[in-house]
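# Observations on the three-dimensional arrangement
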Amino acid sequence: MLRTTLLATVATLSLAGSQLAAQQLAAGFSATTSPLPAGTSNLLTTITGHIYFDGFDLTHAVTGSPTQTLLTFGPYTFGSFTIPVGTTKVLFGESSNGGIWSVPLNGQAPRLIATVPFNYDAVMLDDNRALVSAKTGGFAAPDNDVMFVDMITGQTQLLAQFLGASGPLSVDHDGDVYYATAPASWPAPAGTVSVLRLTSTDIDNAIATGSVLGVANAQVVIAGLDAAGDLAFDDDGDLFFVDWFNNHIGEINDADGNNATLTTTLIDYTGSGLNGSVLQFTRTMTGPQVFEPFQPIAGQLLVHETDYVNISQIRTVTARRPELTSSAANPIATGTFSLAIANGPANGIGLLVVAPTVVAGSLSIQIPGFEQPLLLDAAFSANPVLVPLSFDSTGATSLVIQNPGFAPVLNATAQTVCFSLGGTLGTSQPLPMQVGQ
């Protein structure tokens, strides 16, 4: 009953929203920033702190403890990447000498695993196998190579070649690897970047047989991007990328499926003097919630921001769920009180859902045509009361309610469903109420 009602209501809201300003974008995210030392590069955040490189030292800044130097170079060295290998070590690459290093986090000595000239980015297939994107033939070579590196033996093997400059890598939950092409010419022509997928099966077969994969073996996820300097998957198959051409962080919806689409910009740095550099996604909670606008916090996208001179910082981006509050404390006395919603979609619309029962636990409902799950409390499984809402330009709204008085006290649950003009759904937290005399 509730699902049918919501489907009909969302269809009505979608029609209403399509008649409003199409350029209005929902927010649905919040962000905080933390400073990093100037000159920080190749940032990786762990459960214990940050790991970063400054051209000389790979440093582990452990929260609440003295910093640890993990790896040191004599002359200034250009770092390429720092990626986790399980929870006990990291894989560090540098392009000055082509070194690929296994670096323990427990104080043991780092180990030079292999030399891959002009390495650029890497992903782990598992704790013992890595793929490294590198211009091994030098900057004049027509192709960029993707090299297989055995973390135990140090063996390297050419796995794939793609025309152009070095591109970034990422891996999804199924083990498929994604590569963003990069044109060889400079300045790079707009719209010439594609994101390609190499399946885990094809990768394993190529490693076993010594064959070299190429564009003919790859699936095109999306084409026509201007740039993709770094890639990171979130927890529901969306792929974020650093678009240095337009100076923003972009998002490809459902990149791990067969119907990937380019969505709105997540962060736009135009005019800020800052640039996005390295992306990392971490899952912070379990449950049905995902990294989507107007959802509960489930994970966070970490963005290393810099002006490449003095400013270096990490921006932590999380979902921001609408907040429903009551002007009166429980038990609510006879008379008027109000329910207010903050952090909703700017100029969006929605519903206040009320049921005369206690909070019963969250249900995840998938509405066709929307990527976000609708997280509604099971208290609304019967016949809830639905009240239409409209949000102002700040994403706020309120509703004045008359309490006629109830004896004994009436238990009730309220929750807000919101719909943004950008085509996203969300809910507030369920609000338990005790309506009395």
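Residues numbered from 1 in each chain as written. Predicted model: local features only at pLDDT ≥ 70, side-chain atom pairs only at ≥ 80, totals over all residues. Heavy atoms only, no water.

### Section: the overall build of the protein chain
Counting its regular elements, the protein chain contains two helices and 35 strands. Summarising its shape, the C-alpha atoms of the protein chain cover approximately 80 × 50 × 45 Å along the three principal directions. Taking all contacts inside the protein chain whose residues are at least 6 apart in sequence as the whole, residues at least 24 apart take part in 54%. When the accessible surface of the protein chain is split by element, carbon and sulfur atoms take 56% of a total near 18,900 Å². (Helix = DSSP H or I, 4+ residues; strand = E, 2+ residues; numbered from the N terminus. Contact = heavy atoms within 4.5 Å. Areas by Shrake-Rupley, 256 points an atom, 1.4 Å probe, with all protein chains shown as cover.)

### Overview of empty space enclosed by the protein
Evaluated as defined, the whole model comprises one cavity of 30 Å³ or more. One number sums up the size of the largest cavity: a volume of about 40 Å³. Lining the largest cavity are Leu 43, Thr 45, Val 278, Gln 280, Leu 302, Val 303, His 304 and Ile 314. Contributions of two or more residues to the lining of the largest cavity are made by β2 (41-45), β23 (275-283) and β24 (299-306). Looking at the lining of the largest cavity, the element that brings in the most residues is β24, giving three residues. By residue class, the composition of the lining of the largest cavity is five nonpolar, three polar and no charged. (1 Å grid on protein atoms, 1.4 Å probe; cavity = no way out; pocket = protein on both sides within 12 Å on 5 of 7 lines; lining within 4 Å. Points joined across faces, edges and corners; volume = space filled by probe spheres on them. Nonpolar A, V, L, I, M, F, W, Y, C, P; charged D, E, K, R; others polar.)

### Looking at the sheet that holds strand β3 (residues 49-53)
Read across the open sheet, the four strands follow the order β2-β3-β4-β5; overall the sheet is antiparallel. Strands at the two margins of the open sheet, each flanked by one partner only, are β2 and β5 (68-72). Across the sheet, the axes of successive neighbouring strands diverge by a mean angle of 15°, strand direction being ignored. The pairing of β3 with strand β4 (residues 57-62) spans five bridges and is antiparallel. Directly across from Ile 51, in β4, lies its bridge partner His 60. (Pairing = 2+ DSSP bridges. Axes fitted to C-alpha atoms, helices over the stretch in contact; angles between N-to-C directions.)

### Focus: the nonpolar core
Counting residues in hydrophobic clusters, the biggest one holds 17 residues, and the most contacted among them are Leu 131, Val 146, Leu 159, Phe 162, Leu 169, Leu 198 and Ile 203. Of all elements in the fold, only β12 (143-150), β13 (156-163), β15 (177-180), β16 (193-198) and α2 (200-209) reach the threshold of two or more residues within this core. Residues contacting Leu 131, with those up to four places away along its chain left out, are Asp 121, Ala 122, Val 123, Leu 125, Val 146, Met 147, Phe 148, Leu 159, Leu 169, Val 177 and Ile 203. The next biggest cluster of nonpolar side chains, apart from the first, holds 16 residues, and it includes Val 85, Leu 91, Ala 122 and Val 149. (Core = buried A, V, L, I, M, F, W, Y, C linked by side-chain atoms within 4.5 Å. Buried < 20%, exposed > 50% of the residue type's maximum accessible area, 1.4 Å probe, protein only.)

### Notes on α2
Among all positions in α2, only Ile 203, Ala 206 and Ile 207 are buried. Seen from one end, α2 has its buried residues packed into an arc of 100°, which puts them on one side. Among the exposed residues of α2, those oriented more than 90 degrees off its buried face are Thr 201, Ala 208 and Thr 209. Among the structural elements, β10 (119-126), β11 (129-134), β12, β13, β15 and β16 are those in contact with the buried residues of α2. One or two steps after α2, the chain reaches Gly 210, where phi turns positive at roughly 75°. (Arc of directions from axis to C-beta.)

### Quick notes on the pattern of salt bridges
In this structure the tally under the stated criterion is four salt bridges. The closest approach of N and O atoms between Arg 129 and Asp 126, which form a salt bridge, is 2.9 Å. Residue Arg 129 is classed as partly exposed on the basis of its relative accessible area of 23%. A salt bridge links Arg 283 to Asp 235; the nearest nitrogen and oxygen atoms lie 2.3 Å apart. (Salt bridge = Lys/Arg side-chain N within 4 Å of Asp/Glu carboxyl O.)

### Here's the deal with the pairing of β4
Between β3 and β4, which pair antiparallel and follow one another directly, the connecting turn spans three residues, one of which, Gly 55, has a positive phi of 100°. Sheet topology note: the β4/β5 ladder contains four bridges and is antiparallel. The residue of β5 that forms the bridge with His 60 is Gln 68. Between β4 and β5, which pair antiparallel and follow one another directly, the connecting turn spans five residues, one of which, Gly 64, has a positive phi of 80°.

### Focus: the packing of aromatic side chains
Counted under the stated rule, the structure contains 15 aromatic pairs. Aromatic side chains Phe 56 and Tyr 76 sit 5.5 Å apart centroid to centroid with 80° between the ring planes, which places their arrangement in the edge-to-face category. Remark: Tyr 76 occurs in the loop between β5 and β6 (79-85) and Phe 56 occurs in the loop between β3 and β4; sequence separation between them is 20 residues. By relative accessible area, Phe 56 is classed as partly exposed at 35%. On the numbers, 4.6 Å between centres and 20° between planes, the contact of Phe 162 with Tyr 179 is stacked. Here Phe 162, found in strand β13, pairs with Tyr 179, found in strand β15; they are 17 residues apart in sequence, far enough to count as distant. (Phe/Tyr/Trp six-rings, centres within 6.5 Å; stacked < 30°, edge-to-face > 60°.)

### Comments concerning the environment of Leu 389
Inspection of the secondary structure assignment puts Leu 389 in strand β31 (residues 385-390). Leu 389 sits in the buried class, given a relative accessible area of 8%. In sequence terms Leu 389 and Leu 399 are 10 residues apart; their C-alpha atoms lie 8.3 Å from each other. Other than its neighbours up to four places away in sequence, Leu 389 contacts Ile 341, Ile 349, Gly 350, Leu 351, Leu 352, Thr 397 and Thr 416.

### Digging into the confidence of the model for the protein chain
Reading fine detail from the predicted coordinates is not recommended where pLDDT is low. With 94% of its residues at a pLDDT of 70 or more, the protein chain shows a mean pLDDT of 92. Ignoring residues within four places in sequence, the model shows residues 1-5, a span with pLDDT below 50, making 10 contacts including any to other chains. Of the regions scoring below 50 in pLDDT, residues 7-26 engages in 26 contacts with residues more than four places distant in sequence or in other chains. (pLDDT = per-residue confidence, 0-100.)

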